Amino acid sequence: ARRFDWKRRERGIRGNFVSLKLTKSYSGVEGRQRWYSITMEDETQITSKSGKETMVLRKNAKGGESGTLSVTDRALAYKLYNFREVLNVPSLNLNRSNDPKIKLYRSAWVSRSTEVTEKNVDQIVQFLSDELQIQSFIDLRDVRERIRDKNDVLINKIWPVLQSTSNLSTFSSPSRTRFSLPLINRDLKLWGLFMYSSWLVRTKVIYLYLQSGSLAAVNYFASRVMNQLKLAGLSKLMLQYSGQELVTVLRILSHRENFPAIIHCSSGKDRTGLVCALILAACGVSDKEIIEDFYQSEINLKPVVEMIQNEDLAKGLDKSFSMAPREVMEEILEYVNKEYGSVVGYLRKEGFTELDQKRLRALVVEGREYEAKKEEEEEDERVKGKRAEELR
């Protein structure tokens, strides 16, 4: 962690304001003199001169020295929003002594701000590649989202996209890689959304597409179908139609060669939130903590919520899609518990067995390989064999 210290500014800007003196790594912030601050007892609030954005620098939550910037705050300084460690929850006793590189992060995408410039992206790339030494990106967006993003090519220079993981035998890569695993896949769009709607809606969508193009069709479909489903409904469809992609994420994270790793989508709250909820549950985290972790995204994205809302409105979605309220994750977990008994039961049904979950938990929480007993391995083979027969 970088250290910073405070010194009084003599220019007398609005009374008792002080300036933030950062190390050279933060020259992008310090050099533009973009931020000024008001000192507070337990945290320091930094507000841009335009007054449009605010970030909060907190003291280390685990009792570190006052004046230590967390990795979340360092990411925020570069305009990388909703960035944090996935497993940084109170109930997990993380053991990094076995392998310090076993770290898992989650984030919004680098373009999740109207003020992001190529210079910001370069700083983010340096932060992720040099400081955090990220080995693997797990990208939950679809191909169209990546193509529309002009900054995608800058990330792709260091973490080239691996288009498919279906043929991987080990789900690991020796070089820096971006695994592409769209959670809103073709089956979900066709069978979960389009065929789910009424014949009248389907007919109108086809008519609008032929007459006015895809934008009009998408807006109509969103207003008639997506806005009724809401976020929780969309997440339920991901659980139903994207089980292979969800399990593949967990298999990738079961190999130490892929760490440090980062999971992201567009805002890092819905698709990423669902994946992280499964990871946390597989590691024994309580529903209450999972719900609070999901809600944290709503807090973290407040500086860019207007941008997200404008994007959603352009697609015909209502404002609820730009939020991450606790009620959404509560409904998702209630659905999983009702339909599958638990998250463990859901993962088992999708082919990620209890032994797989023990191996994942041992690696990401304790940084070690799980030594399975002979009986566990035999049971695991039996379950996977049965699953293979069901798929055939």
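Small disclaimer: the values here were computed from a predicted structure and weren't measured. (Residues numbered from 1 in each chain as written. Predicted model: local features only at pLDDT ≥ 70, side-chain atom pairs only at ≥ 80, totals over all residues. Heavy atoms only, no water.)

Caption draft 1: Region of the structure containing the packing of aromatic side chains. Taken as a whole, this structure holds eight aromatic pairs when the rule is applied. Aromatic side chains Tyr78 and Phe127 sit 5.7 Å apart centroid to centroid with 50° between the ring planes, which places their arrangement in the tilted category. Separated by 49 residues along the polypeptide, Tyr78 in the loop between helix 2 (71-77) and strand 6 (84-85) and Phe127 in helix 3 (residues 118-131) bring together distant segments of the chain. The aromatic ring of Trp109 is capped on one face by Arg141, whose charged end is 4.2 Å from the ring centroid. Sitting over the ring of Tyr295, Arg326 keeps its end group 3.9 Å from the ring centre. (Phe/Tyr/Trp six-rings, centres within 6.5 Å; stacked < 30°, edge-to-face > 60°. Helix = DSSP H or I, 4+ residues; strand = E, 2+ residues; numbered from the N terminus. Lys NZ or Arg CZ within 6 Å of the ring centre and 35° of its normal.)

Caption draft 2: Region of interest: the confidence of the model for the protein. Looking at the protein, pLDDT values average 80 and 80% of them are 70 or higher. Ranking the elements of the protein by mean pLDDT puts helix 1 (residues 27-30) last with 35 and helix 13 (residues 326-340) first with 97. pLDDT under 50 marks residues 1-44. Its contacts with residues more than four places away, or in other chains, come to 94 contacts. Counting contacts from residues 46-67, a segment whose pLDDT is below 50, to residues more than four positions away or on other chains yields 55 contacts. (pLDDT = per-residue confidence, 0-100. Contact = heavy atoms within 4.5 Å.)

Caption draft 3: Representation of a nonpolar patch on the surface within the structure. On the surface, Leu190, Trp191 and Met195 cluster together into a nonpolar patch covering about 300 Å² of accessible area. You can call Trp191 partly exposed: its relative accessible area is 49%. (Patch = residues over 30% accessible without salt bridge, like charges linked within 9 Å, V, L, I, M, F, W, Y side chains within 5 Å. Areas by Shrake-Rupley, 256 points an atom, 1.4 Å probe, with all protein chains shown as cover. Salt bridge = Lys/Arg side-chain N within 4 Å of Asp/Glu carboxyl O. Buried < 20%, exposed > 50% of the residue type's maximum accessible area, 1.4 Å probe, protein only.)

Caption draft 4: Inspection of the side chain of Asp312 at higher detail. Inspection of the secondary structure puts Asp312 in helix 12 (residues 305-314). Ignoring any residue separated from it by four or fewer positions in sequence, one finds Asp312 in contact with Leu317, Asp318, Phe321 and Ser322.

Caption draft 5: How the structure looks around the pattern of salt bridges. Taken as a whole and judged by the stated rule, the model has 21 salt bridges. Measuring nitrogen to oxygen at the nearest pair gives 3.0 Å for the salt bridge that ties Arg178 to Asp139. With a gap of 39 residues between them, Arg178 in strand 10 (residues 177-180) and Asp139 in strand 8 (residues 136-139) connect regions that are remote in the sequence. Across this residue pair, the class does not change: Arg178 and Asp139 are buried. When the shortest N-O distance is used, the salt bridge between Lys189 and Asp142 registers 3.5 Å.

Caption draft 6: Representation of the environment of Ile332. Secondary-structure assignment places Ile332 in helix 13. We classify Ile332 as buried; its relative accessible area is 3%. Setting aside residues up to four positions removed in sequence, Ile332 forms contacts with Ala232, Ser235, Leu239 and Leu274.

Caption draft 7: Fine view of the nonpolar core. In this structure, Ile138, Leu140, Leu239, Leu253, Ile263 and Ile279 are the most contacted members of the largest nonpolar core, which totals 72 residues. Discounting chain neighbours no more than four positions away, the residues touching Leu253 are Leu104, Ile138, Phe259, Ala261, Ile263, Ile279, Leu360, Leu363 and Val364. In terms of nonpolar packing, the next biggest core, distinct from the first, is built from 21 residues, Ala75, Phe127, Ile155 and Ile262 among them. (Core = buried A, V, L, I, M, F, W, Y, C linked by side-chain atoms within 4.5 Å.)

Caption draft 8: Region of the structure containing the side chain of Arg146. Along the chain, the position of Arg146 falls in helix 4 (residues 143-148). Asp152 provides the closest opposite charge to the buried, salt-bridge-free Arg146, at an N-O distance of 4.4 Å. A distance of 2.9 Å separates polar atoms of two side chains, one belonging to Arg146 and the other to Ser180. (Lys, Arg positive; Asp, Glu negative; His and termini not counted. Polar contact = N/O pair within 3.5 Å; in protein donor to acceptor, adjacent residues only side chain to side chain.)

Caption draft 9: Fine view of the packing of helix 7 (residues 199-212) against helix 8 (residues 214-241). Orientation of helix 7 relative to helix 8, taken along the N-to-C sense of each, is 160°, at an axis distance of 7 Å. By the angle between their directions, the pair helix 7 and helix 8 is classed as roughly antiparallel. In this structure, helix 7 meets helix 8 at a crossing whose hand is right-handed. From helix 7, Val201, Lys204, Val205, Leu208, Tyr209 and Ser212 reach across to helix 8, where they touch Ser214, Ala216, Ala217, Tyr220, Phe221, Arg224 and Val225. (Axes fitted to C-alpha atoms, helices over the stretch in contact; angles between N-to-C directions. Parallel < 35°, antiparallel > 145°, perpendicular 65-115°, else oblique. Left-handed = near helix turned anticlockwise from the far one by under 90°.)

Caption draft 10: Structural context of the sheet that holds strand 9 (residues 161-162). If you trace the six strands from one edge of the open sheet to the other, you get 6-7-11-8-10-9, paired in mixed fashion. Each edge of the open sheet carries a strand with a single partner, namely strand 6 and strand 9. Examined bridge by bridge, strand 6 and strand 7 (residues 104-107) share two bridges and lie antiparallel to one another. By the bridge assignment, Arg84 is partnered in strand 7 with Arg106. (Pairing = 2+ DSSP bridges.)

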